[in-house]
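Coordinates in review
Listed below, chain by chain, are the residues.
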Amino acid sequence: MSPRDGERTAAELLTTFGPALGTRPTRQRRQDGRTAQVNRRAAPQRGFARPGYGWSPVAAPLQVYQAGTHVLGGLFPLLAASPLPAVGARMGYDVHSGGAFYLHPVEFVLRSICTNPNMVLFGEPGRGKSSTVVAFLLRMMLTGVRTLISGDVKGEYTPLLHALGVTPIMLGRGSTARLNALDLGPLAARWDAWSIERQRDELDGVLGRWVQLLVALAEAQGYRPTVTDEAALSAVLRQLLGISDGYTRLKPITIPDVHRLLSDPDEQLWQSLRFAGRRQFLDHLRSITDALANLISGPLAGLFDAATNFTVDWNAPIQSLDLSRLRTRGDQAIAVALTCLGSWSSLATDLQEDGELRIVVRDEIWRQLRLGLRAVQAVDSELRLSRAERKIQVLVSHKPGDFLSVGATGSQEVAIARDLLALCSIRILLGQSTRVASELADVLALSEKEHEATTGWANDRQGRALWKIENRTGLKVQTVLSRIERQIFDTNTQLVRKPHRLPDGQSPAVSP
């Protein structure tokens, strides 16, 4: 086939990357005038014993040609291409095909590659788990997708926010920031503009979230709430909001307000809940009342029991609620804080009618799951609604055992936690030890080759991971970071003494 005008031939193309190719000799005519036969007799095992025939080993090194797959793909049509479309964040390259690897969970759903946009990452510390997540967030910003870090336990995302010129919201020691766990958020601002039917629907949804939050917090204190407790909490919240009084505007409430009304109920409240008297009401709800009291006077006092005193810039490319200053208050306090932030974030992002996609990162998810059944159910609910609410939920954990150890063997919370993995169509498996990799293989039904990849290949270099998209064969992907990204994403900086520090402790600026 002759090349078209302006296009190079294959020989000219390869000459660019190496020495010129030899040309195939033209067919010689035999002395009797006939052309050589196409079908010739089979050659001997070591070929014909004359010059130009036979075979011999090729001495190493072989000539190597280097070119992009978009060029070589035309010369070698059987070159394997990535089975996924080139949309979204360019993460690195597929080591099988050598082609670039892209990720856009929502586009994958729209193209029927997977059924939901949720992601889960497993990896031992130091395998590149956080770098992969941060690279995904930063590169998705180029497509206009914003991010909310719903509780940065270790402060790993703060350098990225500083580099983008965004100030994270710091909660904990030395910070004056307060977040009301029962904050109305965008609901209060849009309440008057809604119809009566819309107000009723939105209010039912918000009350359901708040009741779920309060019973989860009580369960974290060791008390398992009953159906009567939930009905009482719902009645208390409605009364505090002013719904039963016929107010047209909602009253802001806090957890101390709920505790105060449970401790000192009026006659209307205990009668509407069909208690025989005030004493019976107090005795029956004493456990959950005391559980909420621990949130007011315990290690989280002053963090989630007062009015919110900061404003979230929802137009920023990324926002983070940094909990790194809470680490000295124990795992239980951090888990409770993550539950409060999860509920608050869900309400705030649900009512953002900007029509845009948003990524919600739930780092150290195992801490929250260990609070009990209600906390597991809350995460399960968020994952199920991610498509309807235009969210990409990202769960970050170390191993599948984090999901399976949230309760007793065979318990309801363990069953729901196991199903959480099924609600994440995109599973990113970084390097693991043999024991943990066996757990992954069992839970995710990995093949033998995929199992070997997580214990061998993925452990050889940071950023390597087996990407399982739905039930497709796992792809070996190497995440690639730029020099500035490696500097910003490095989570080992606290282990290294640096001779020079940037002013104000900030990182170099990057552009989303």
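Above this text sits the structure in question.
**Remarks on the pairing of strand S10 (residues 464–469)**
Among the six residues in S10, six count as buried, and that is most of the element. Because side chains alternate across S10, one face comprises the buried residues Arg464, Leu466 and Lys468, and the other comprises Ala465, Trp467 and Ile469, equally buried. Taken together, the five bridges between strand S9 (residues 426–430) and S10 define a ladder with antiparallel strand orientation. Residue pairing across strands places Arg427 opposite Lys468, the latter belonging to S10. Where S10 folds back onto strand S11 (residues 475–479) in an antiparallel hairpin, the turn is made up of five residues, including Glu470, whose phi is positive at roughly 55°.

**Section: the nonpolar core**
Core analysis: the largest hydrophobic core is formed by 70 residues, its most contacted members being Trp210, Leu237, Val258, Phe281 and Phe304. For Leu237, the contacting residues outside a window of four places in its chain are Leu182, Leu207, Trp210, Val211, Leu214, Ile253 and Val258. Judged by nonpolar contacts, the second largest core, of 47 residues, contains Phe108, Ala135, Phe136 and Ile469.

**A closer look at the packing of helix H7 (residues 196–220) against helix H8 (residues 227–241)**
Interaxial distance between H7 and H8 falls to 10 Å at its minimum, and their mutual angle equals 125°. Comparing the axis directions of H7 and H8 gives the class oblique. For the pair H7 and H8, the sense of crossing is right-handed. Residues Leu203, Asp204, Leu207, Trp210, Val211, Leu214 and Val215 of H7 lie in contact with H8, whose contacting residues are Glu230, Leu233, Ser234, Leu237, Arg238 and Leu241. Classifying every residue of the contact of H7 with H8 by side-chain character gives nine nonpolar, one polar and three charged.

**Some points on the packing of aromatic side chains**
A full pass over the atoms with the stated rule returns three aromatic pairs. With a centroid separation of 5.7 Å and 75° between ring planes, the pair formed by Phe122 and Phe403 is classed as edge-to-face. With Phe122 in strand S3 (residues 119–122) and Phe403 in helix H16 (residues 401–404), the pair connects residues that are 281 residues apart, well separated along the chain. Plain terms: the ring middles of Phe275 and Phe281 are 5.3 Å apart, the flat faces sit at 80° to each other, and that makes the pair edge-to-face. For the pair shown, Phe275 and Phe281 are each scored as buried.

**Observations concerning the pattern of salt bridges**
Overall, the coordinates contain 16 salt bridges when judged by the stated rule. Ionic pairing is found between Glu202 and Arg198, a salt bridge with its closest N-O pair at 2.7 Å. Residue Glu202 and its partner Arg198 are located together in helix H7, separated by four residues, close to a single helical turn. The exposure class of Arg198 is partly exposed, given its relative accessible area of 28%. Between Arg209 and Glu382 there is a salt bridge, with its nearest N and O atoms 2.9 Å apart. Within this pair, whereas Arg209 is found in helix H7, its partner Glu382 is found in helix H15 (residues 373–384), the two being separated by 173 residues in sequence. Each member of the pair, Arg209 together with Glu382, is buried. Ionic contacts of the salt-bridge type, sharing partners, join the residues Lys154, Glu156 and Glu364 into one network.

**Quick word on unusual backbone geometry**
The phi torsion at Glu364 lies on the positive side, around 50°, for a residue other than glycine. Residue Glu364 is classed as buried on the basis of its relative accessible area of 5%. Of note, Glu470 is a non-glycine position whose phi angle comes to about 55°, a positive value. Relative to the elements of secondary structure, Glu470 occurs in the loop between S10 and S11.

**Notes on the sheet that holds strand S5 (residues 169–172)**
Pairing in this open sheet of eleven strands is mixed, and the strands run S2-S1-S11-S10-S9-S3-S8-S7-S4-S6-S5 from one edge to the other. Only two strands of the sheet have a single partner each, and these edge strands are strand S2 (100–103) and S5. On average, each strand axis in the sheet is tilted by 25° relative to the strand beside it, whichever way the strands run. Relative to strand S6 (residues 318–325), strand S4 (residues 146–152) runs parallel, the two being bridged by four bridges. Considered in S6, the bridge of Thr147 is made with Ile318. Contacts between helix H19 (residues 448–455) and the sheet are confined to S9, S10 and S11, with S10 contributing the most and set at about 145° to the helix.

**Some details on the side chain of Asp322**
Checked against the element boundaries, Asp322 lands in strand S6. At a separation of 2.5 Å, a polar atom in the side chain of Asp322 contacts the side chain of Thr158. With near-sequence residues (within four places) excluded, Asp322 lies in contact with Asp152, Gly155, Thr158, Ile169, Met170 and Leu171.

What counts and what doesn't
Residues numbered from 1 in each chain as written. Predicted model: local features only at pLDDT ≥ 70, side-chain atom pairs only at ≥ 80, totals over all residues. Heavy atoms only, no water. Buried < 20%, exposed > 50% of the residue type's maximum accessible area, 1.4 Å probe, protein only. Helix = DSSP H or I, 4+ residues; strand = E, 2+ residues; numbered from the N terminus. Pairing = 2+ DSSP bridges. Core = buried A, V, L, I, M, F, W, Y, C linked by side-chain atoms within 4.5 Å. Contact = heavy atoms within 4.5 Å. Axes fitted to C-alpha atoms, helices over the stretch in contact; angles between N-to-C directions. Parallel < 35°, antiparallel > 145°, perpendicular 65-115°, else oblique. Left-handed = near helix turned anticlockwise from the far one by under 90°. Nonpolar A, V, L, I, M, F, W, Y, C, P; charged D, E, K, R; others polar. Phe/Tyr/Trp six-rings, centres within 6.5 Å; stacked < 30°, edge-to-face > 60°. Salt bridge = Lys/Arg side-chain N within 4 Å of Asp/Glu carboxyl O. Polar contact = N/O pair within 3.5 Å; in protein donor to acceptor, adjacent residues only side chain to side chain.

Purely geometric numbers; function is a separate question.
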